Amino acid sequence: MNDSENSKPKQKVGVIGVVFMIYAMACAGAFGIEDMIPFAGPGLTVVMLIVIPFFWAVPNALISAELGSALPYEGGSYVWVKRAFGEFWGFQSCFGRLVSYYVGVPIYVVLAGDYMGSLLNWNDTYTYIFKLILIAIFAFINYKGVKDVAAVGTVLGILIVAAFACVIIIGFSHAQYNPVEPFAREDQSVIASVGGALAIGMWMYTGYESMANVAGELENPQVIPKALMIVVPLIILTYVPTTIAGLCSVGQWKSWGTDGVSYGDVAALAGSGWAVFFVVVAFLGQISTYNSWMATSSRAFLVLAEDNLAPKILTKTNKNSVPIVGWALMVALSVLFASFSFDVIAILTVTAILFPTSLMMFAALKLRISEPDLPRPFKVKLNNFWFGALCMLVPLTAFVALYLNGLDYFVAGCAMFIIGPILYMIARKSLGGMTKKDPEHNPENPKTKMPYGDMKRIAFFYFMLGVLVAIGYFFLNWYEDPAYYIETYGNEHIFNLFMGGVVGTAAVSFILAIVFYGIHKKKDDATNRIDTKQEGLK
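As the structure is a computational prediction, the values presented were derived from the model and not from experiment.

(A) Up close: the environment of F498. Its place among the elements puts F498 in helix 24 (residues 494-524). Spatially, the C-alpha atoms of F498 and Y485 are 9.5 Å apart, while their sequence positions differ by 13 residues. Contacts of F498, omitting those with residues within four sequence positions, involve L407, D408, V411, Y485 and Y489.

(B) Examining a positive patch on the surface more closely. The grouping of K429, K447, K449, K522 and K523 at the surface amounts to a positive patch. Relative to the helices and strands, K447 is located in the loop between strand 1 (444-445) and strand 2 (450-451). When its relative accessible area of 41% is taken as the criterion, K447 is described as partly exposed.

(C) Highlighting the nonpolar core. One finds W56, Y205, Y208, V231, I235, L304 and L407 to be the most contacted residues of the largest nonpolar core, which totals 162 residues. The element best represented in this core is helix 4 (residues 42-70), accounting for 13 residues. Excluding anything up to four places from it in sequence, V231 contacts V19, I22, Y23 and Y208.

(D) Spatial organisation of unusual backbone geometry. Here the bond from E181 into P182 is cis, since omega is -5°, no more than 30 degrees from zero. Despite not being glycine, Q252 shows a phi value in the positive range, around 55°. The residue Q252 is located in the loop between helix 11 (223-250) and helix 12 (263-268) in this model. Here K449, not a glycine, exhibits a phi torsion of approximately 60°, which is positive. Looking at K449, the relative accessible area reads 45%, which means it is partly exposed.

(E) Examining helix 17 (residues 354-370) more closely. For helix 17, built from 17 residues, the straight-helix expectation of 24 Å at 1.5 Å per residue is met to within 8% by its first-to-last C-alpha distance of 24 Å. In terms of burial, helix 17 is a largely internal element, twelve of the 17 residues being buried. All buried positions along helix 17 are accounted for by L354, P356, T357, S358, L359, M360, M361, A363, A364, L365, L367 and R368.

(F) Molecular detail of the confidence of the model for the chain. Taken residue by residue, the chain gives an average pLDDT of 83. The fraction at 70 or more is 87%. Overall, residues 1-7 carries pLDDT values under 50, and its contacts beyond four positions in sequence, including any with other chains, amount to ten contacts. For the stretch residues 529-538, pLDDT sits under 50, and the model shows five contacts to residues farther than four places along the chain or on other chains.

(G) Inspection of the pattern of salt bridges at higher detail. Inspection of every chain in the model, using the stated rule, returns nine salt bridges. R368 serves as the salt-bridge partner of E66, at 2.9 Å between the closest nitrogen and oxygen. Highlighted residues: E66 in helix 4 and R368 in helix 17, separated in sequence by 302 residues. Grouping residues by exposure puts E66 and R368 together as buried. Ionic pairing is found between D307 and K82, a salt bridge with its closest N-O pair at 2.5 Å. Of this pair, D307 sits in the loop between helix 14 (300-306) and helix 15 (324-337) while K82 is found in helix 5 (residues 77-85), placing the two residues 225 residues apart along the sequence. On the basis of relative accessible area, D307 is assigned to the buried category, the value being 3%.

(H) The arrangement of the packing of aromatic side chains in detail. Going through the model one piece at a time under the given rule, you end up with 31 aromatic pairs. Looking at R368, its charged tip hangs above the ring of F387, at a distance of 3.9 Å from the centre.

(I) Geometry of helix 24. Here helix 24 spans 42 Å end to end across 31 residues, near enough to the 45 Å set by a 1.5 Å rise per residue. Along helix 24, the residues that are buried comprise I494, F495, F498, M499, V502, T505, A506, S509, A513, F516, H520 and D524.

What counts, and where the lines are drawn
- Residues numbered from 1 in each chain as written.
- Predicted model: local features only at pLDDT ≥ 70, side-chain atom pairs only at ≥ 80, totals over all residues.
- Heavy atoms only, no water.
- Helix = DSSP H or I, 4+ residues; strand = E, 2+ residues; numbered from the N terminus.
- Contact = heavy atoms within 4.5 Å.
- Patch = residues over 30% accessible without salt bridge, like charges linked within 9 Å, V, L, I, M, F, W, Y side chains within 5 Å.
- Areas by Shrake-Rupley, 256 points an atom, 1.4 Å probe, with all protein chains shown as cover.
- Salt bridge = Lys/Arg side-chain N within 4 Å of Asp/Glu carboxyl O.
- Lys, Arg positive; Asp, Glu negative; His and termini not counted.
- Charge placed at Lys NZ, Arg CZ, Asp CG, Glu CD.
- Buried < 20%, exposed > 50% of the residue type's maximum accessible area, 1.4 Å probe, protein only.
- Core = buried A, V, L, I, M, F, W, Y, C linked by side-chain atoms within 4.5 Å.
- Expected span 1.5 Å × (residues − 1).
- pLDDT = per-residue confidence, 0-100.
- Phe/Tyr/Trp six-rings, centres within 6.5 Å; stacked < 30°, edge-to-face > 60°.
- Lys NZ or Arg CZ within 6 Å of the ring centre and 35° of its normal.

Written as structure tokens, this is what we have:
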């Protein structure tokens, strides 16, 4: 923990407040599942909602709880990955999360505005103005500090849980259909059905580590692992019974969607006024999520800047410890993306979280082995072998999702990550990085002006990215249907353009791997380091 973090005023937030902040970030109701049902089929959707938590949500929550209890510092997964693997990998983890935060968070104000616009029959202009009002309100709440965010999140979270409990009761009391029949769509393979719904399912179960971004601002950060153990079952109980209740009461599984049959139709079975009520709940759910993500995301740049890997202006905070520039950037991007569609915003968000989340799992395993005596007030009660197996569930799930999410997601995500090491080198050379902060423990190679071994790390990064993209070329050529992309994008050449992007990304990645490995062998290997030390002694 650094001195600046010690000097920050601490806020008192209890377990219940943190539970509903995490609930808002990772759930805020079952909204979004409606789009899974026609993609996968009713039975497969229910199975996925039950299975995905054990491969994605539960490992994320357990690992976040252990790492957060051992290292309860502001910055969360960035701090954990940096502790395990060093500055370069910490930066790559933070870069991926920053993309998912700053591009993805405005999606919730978009959905909130769209829900209210559909209720009141507003045109696009009125809906956009309403979105701007929402942004202004929650920008003010977040500017006042995390305690107010926790209070708002608690109230909204309780309302959402109560509303979905009502939907469960109404749905089961009007049961008339088999909720798992048919199991999957009959016009496509099970693999294609899973691929169409997997991204939505993983998105629904994402966000458990994000409270760690504000751990340094809490009087007692150990409330975070306690809250995680409560919130995961709560979210599963929000999704699974609600979906089953909806399918068995209104049926029409092919017509489900955010703009079709939804949980509001289930509520309407108890009376016409309930449909209006549920649209309001949908609205509350999205602004609750936006509110909580805005609180944590605006702080993500803070620790990066404190480590001299982002401009120092990003460390400036107000009296409530809110980073002013990060907060302002979040507000500005929310205004920009408020006019975009859900799909445009989501295309990067889903893929962007796969790599940093996988890095977090590797970091947890590395710290278990390299620092077994690190105090862990919350520790997953598994030996190293089974703990490693638990950690590997997330990278394996991410690997599958990377290829099944779709060619467009794949190309956008891989192209995004190719610039991560370049941004790191620019930040490192211009701002000094950890060497400027602590040169004794973070020595710099005078030949490369980078930490020792970074050239090899960068080469390894690009080589592995090239391998992943090359696998994607062969798999996606077999798996994808060009007609889908032609119909979706309205361009008969779009599939070939996307595949050309895959080839180009693979080629660039392998070329960069060769270049940086050559630099490593020439300027950054162990012999050069020894020679440099000897020259210094002379």
